[in-house]
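One letter stands for each residue in the lines below.
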Amino acid sequence: MLLGEELPYGDGVRLYFTGTFRPRLEPAALQDIPRAQEVIKAGGMVNSLTLSHLVFKQLDPFFLPPPEFEGSAGPHQVTMVLPRQHLVWGSATGRVLAKALSGHPVPVSGFGTLHPDQGELRPFALRTVDRR
């Protein structure tokens, strides 16, 4: 927010955002992925990286809906739907999203549109930050 003003919003307004978002994980969503629950419970970065790649890079929304995260944009509590087509996958991204599958918060920054009436932040450019 700039000088205490309300955040601009709507499809035509692009804004920069940064914050920490928590994944909204529905256990039912991961049930269709073989061994997902076992991997989450067992831990281990190699297994978690494999699972995160499957979950976050799955292009078929009928197989697995886009991942959602909860956080805030200014005074608004919002849900951010992770756009898989705009997610650049790298080693840091893999580690951060693997941690997210275990329920850890995800620090992100990017550009998007804010829709507080629908409670949504729609990013079109997104970067995760790996804080080891």
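Report on the accompanying structure. This structure is a prediction, so every number in the text was calculated from the model and none was measured. (Residues numbered from 1 in each chain as written. Predicted model: local features only at pLDDT ≥ 70, side-chain atom pairs only at ≥ 80, totals over all residues. Heavy atoms only, no water.)

The helix and strand tally for the protein chain stands at four helices and five strands. Starting at the N terminus and walking to the C terminus, you meet the elements of the protein chain as β-α-α-α-β-β-α-β-β. A burial count over the protein chain gives 38% of its 132 residues as buried. As presented, the protein chain carries roughly 7,800 Å² of accessible surface, and 55% of it is formed by carbon and sulfur atoms. (Helix = DSSP H or I, 4+ residues; strand = E, 2+ residues; numbered from the N terminus. Buried < 20%, exposed > 50% of the residue type's maximum accessible area, 1.4 Å probe, protein only. Areas by Shrake-Rupley, 256 points an atom, 1.4 Å probe, with all protein chains shown as cover.)

Moving on, we get to the pattern of salt bridges. Evaluation of the coordinates by the stated rule reveals three salt bridges. The partner of Glu70 in a salt bridge is Arg24, with the nearest N and O atoms 2.9 Å apart. You can see Glu70 sitting in strand β2 (residues 68-73) and its partner Arg24 sitting in strand β1 (residues 15-24), a full 46 residues away along the chain. A relative accessible area of 39% places Glu70 in the partly exposed class. (Salt bridge = Lys/Arg side-chain N within 4 Å of Asp/Glu carboxyl O.)

Here we take up the pairing of β1. Relative to strand β4 (residues 106-115), β1 runs antiparallel, the two being bridged by seven bridges. Looking at the pairing, Phe21 lines up with Val106 of β4. As paired strands, β1 and β2 are joined by three bridges and run antiparallel to one another. The residue bridging Pro23 from the neighbouring strand is Phe69, located in β2. (Pairing = 2+ DSSP bridges.)

Bringing the environment of Gly90 into the picture now. With respect to the element layout, Gly90 can be found in the loop between β3 (76-81) and α4 (91-101). For Gly90, a relative accessible area of 28% puts it in the partly exposed group. With 38 residues separating them along the chain, Gly90 and Thr128 place their C-alpha atoms 9.9 Å apart.

Another aspect to go through is α4. Within the sequence span of α4, burial applies to Thr93, Gly94, Val96, Leu97, Ala98, Ala100 and Leu101. In the core, the buried residues of α4 are packed alongside β1, α2 (36-42), α3 (45-56), β2, β4 and β5 (120-128). A positive phi of about 95° marks Gly103, the residue just after α4. (Contact = heavy atoms within 4.5 Å.)

Where β2 meets β3, six bridges bridge the pair, whose relative direction is antiparallel. Looking at the pairing, Ser72 lines up with Gln77 of β3. Here β3 runs beside β5; their pairing, made up of two bridges, is parallel. By the bridge assignment for β5, Thr79 is matched with Glu120.

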